[in-house]
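Listed below, chain by chain, are the residues.
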Amino acid sequence: MTLPTTARHVLVTGGAGFIGSHCCERLLDRGDTVTVIDDFNDFYDPAIKRRNVALLVSHRDGARRFRLVEGDIRDRKLLRSTFDGARFDAILHLAAMAGVRPSLEKPDLYFDVNVVGTSNILEEARRAGVRTFVFGSSSSVYGVNESVPFREDDPVEKPISPYAVSKRAGELLAYSHHRLYGTSCACLRFFTVYGPRQRPEMAIHRFATLIEEGRGVPVYGDGSAKRDFTFVSDVVDGVVAALEFAARGGYRIFNLGESRTVELRELITLLESALGKRAVIDRRPDQAGDVPITFADVSRARAELAYCPRVPIEEGIRRFVEWFRAERADRSGAARGGRG
Ligand SMILES: NC(=O)c1ccc[n+]([C@@H]2O[C@H](COP(=O)([O-])OP(=O)(O)OC[C@H]3O[C@@H](n4cnc5c(N)ncnc54)[C@H](O)[C@@H]3O)[C@@H](O)[C@H]2O)c1
């Protein structure tokens with residue numbers, strides 16, 4: 001692992017979430033000070049986010065180098081006092097309403113948090129003189145891309161969900177800050193991230209729960225949809241390298257994927273074998289907003305961030321299932337303890 005030349009203070013928005021909590025752990029490990037701002041909303045069980053934060057608090061240096069600000073990135077007053085109360089060297093902006101399908105139900109909420117919230121963070125950063133900004137964007141900005149694998153300079157004018165639009169808007173807001181105020185930005189297009197602590201509504205986690213409980217696994221269309229799945233530790237490598245990149249200046253978009261595709265039905269087979277159980281398939285029609293394929297060309301990230309995905313899906317699924325089983329055993333133990 002490369003150590004930064006000087007330890008820094010990083011503001012991580014959404015640091016209580018899945019990817020954010022892994023990034024915070026790595027930043028604490030390498031000697032940075034971390035402030036998290038998170039509103040613990042109920043998009044999924046906030047108790048999961050509390051447990052993620054408890055891990056950070058209990059880090060060997062958590063008492064000294066970790067701080068939590070509980071609140072909403074749409075709250076300008078709170079943002080102002082957060083930026084006035086500390087000197088941040090960099091911002092890792094991950095707070096967002098995530099997920100394609102739910103964005104079709106609540107587009108206004110997605111725009112409010114993902115666009116207005118991102119603008120708020122950039123504005124407060126500008127006011128406070130913080131010039132290093134890393135943004136968690138998404139492969140969904142590509143929409144139904146004509147060429148595969150997806151390259152950062154492919155046209156992205158055909159998004160097919162409010163979520164995708166909101167993420168592209170975040171990249172454009174970052175660009176305007178770069179041009180107007182010299183903010184250095186790396187926008188990272190994450191390709192379906194999975195691993196321990198994955199959001200419970202995401203496919204791998206949800207499918208594992210359904211298979212484990214013998215319930216039907218919904219398969220939309222014929223199961224041939226392909227996704228590029230990225231193990232969370234690979235994404236964290238990319239994020240840390242992007243923080244270094246942004247500290248040197250510029251504006252750049254990077255794909256962070258494994259650069260390999262897996263069909264939905266193959267994914268189910270991998271889960272079945274890791275769990276040692278057969279899935280009950282529940283066939284459904286295609287879903288609006290879903291794209292047939294995501295596939296990252298990561299040559300830019302390889303060349304400029306020395307990004308190199310290390311965990312293939314077979315290994316990643318095994319590690320996920322190991323965590324998933326341990327987590328379920330812990331929860332059911334805690335529930336029994338609570339009753340007794
Ligand atoms: N997980 C993926 O596969 C994936 C793929 C592409 C992009 N992304 C992006 O990466 C980021 C992290 O994703 P994740 O999977 O860890 O999701 P997550 O939901 O676990 O994390 C997001 C965190 O942001 C917080 N948050 C949401 N709205 C907020 C607000 N208004 N104010 C303060 N905090 C708020 C949430 O409470 C949560 O803890 C998101 O921006 C997401 O859009 C994720």
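Source: prediction; values computed, not measured. (Residues numbered from 1 in each chain as written. Predicted model: local features only at pLDDT ≥ 70, side-chain atom pairs only at ≥ 80, totals over all residues. Heavy atoms only, no water.)

## Considerations on the site of the ligand
And step 1. Asp38, Tyr44, Tyr163, Val193 and Arg199 are the nearest of the 29 residues found near the ligand.
And step 2. One nitrogen or oxygen atom from the side chain of Asp72 is found 2.9 Å from a nitrogen atom belonging to the ligand.
And step 3. Between the ligand and the protein, one listed contact pairs an oxygen atom with a backbone N or O atom of Leu94 at 2.8 Å.
And step 4. Elements that contribute at least two residues to the shell around the ligand include exactly helix H1 (18–29), strand E5 (132–138) and helix H7 (162–181).
And step 5. Counting residues per element, the shell around the ligand draws most heavily on E5, at 3 residues.
And step 6. Of the residues belonging to the shell around the ligand, the class tally is 15 nonpolar, 8 polar and 6 charged. (Near = heavy atom within 4 Å. Polar contact = N/O pair within 3.5 Å; in protein donor to acceptor, adjacent residues only side chain to side chain. Helix = DSSP H or I, 4+ residues; strand = E, 2+ residues; numbered from the N terminus. Nonpolar A, V, L, I, M, F, W, Y, C, P; charged D, E, K, R; others polar.)

## Digging into the side chain of Arg197
And step 1. Residue position: Arg197 is located in the loop between strand E7 (193–194) and helix H8 (203–212).
And step 2. Of the polar contacts made by the side chain of Arg197, one reaches the side chain of Ser21; its length is 3.2 Å.
And step 3. Here the side chain of Arg197 touches Glu25 through a polar contact of 3.1 Å, side chain to side chain.
And step 4. Those residues within four positions of Arg197 in sequence are excluded, and the remaining contacts are Phe18, Ser21, His22, Glu25, Asn52, Leu55 and Trp323. (Contact = heavy atoms within 4.5 Å.)

## Quick notes on unusual backbone geometry
And step 1. The linkage connecting Val148 with the following residue, Pro149, adopts the cis geometry, with an omega of -10 degrees.
And step 2. A positive phi angle, near 50 degrees, is found at Phe40, a position not held by glycine.
And step 3. Among the residues examined, Phe40 registers a relative accessible area of 6% and is labelled buried.
And step 4. Located in the positive-phi region is Ser259, a residue other than glycine, with phi close to 65 degrees.
And step 5. Examined against the element boundaries, Ser259 turns out to sit in the loop between strand E11 (251–256) and strand E12 (262–263).
And step 6. Note on Ser259: relative accessible area 28%, which makes it partly exposed. (Buried < 20%, exposed > 50% of the residue type's maximum accessible area, 1.4 Å probe, protein only.)

## Digging into the pattern of salt bridges
And step 1. Summed over all chains, the structure comprises 37 salt bridges.
And step 2. Linking Glu70 and Arg50 is a salt bridge whose minimum nitrogen-to-oxygen distance equals 2.8 Å. Here Glu70 is found in strand E3 (residues 66–70), whereas its partner Arg50 is found in helix H2 (residues 46–57), with 20 residues between them in sequence.
And step 3. The partly exposed category is assigned to Glu70, whose relative accessible area is 44%.
And step 4. Residues Arg74 and Asp112 are paired through a salt bridge, measuring 3.1 Å at the closest nitrogen-oxygen approach. Here Arg74, found in the loop between E3 and helix H4 (76–84), pairs with Asp112, found in helix H6 (residues 107–128); they are 38 residues apart in sequence, far enough to count as distant.
And step 5. Three or more residues are tied together by salt bridges with common partners; here these are Arg76, Arg80, Asp84, Glu124 and Arg127. (Salt bridge = Lys/Arg side-chain N within 4 Å of Asp/Glu carboxyl O.)

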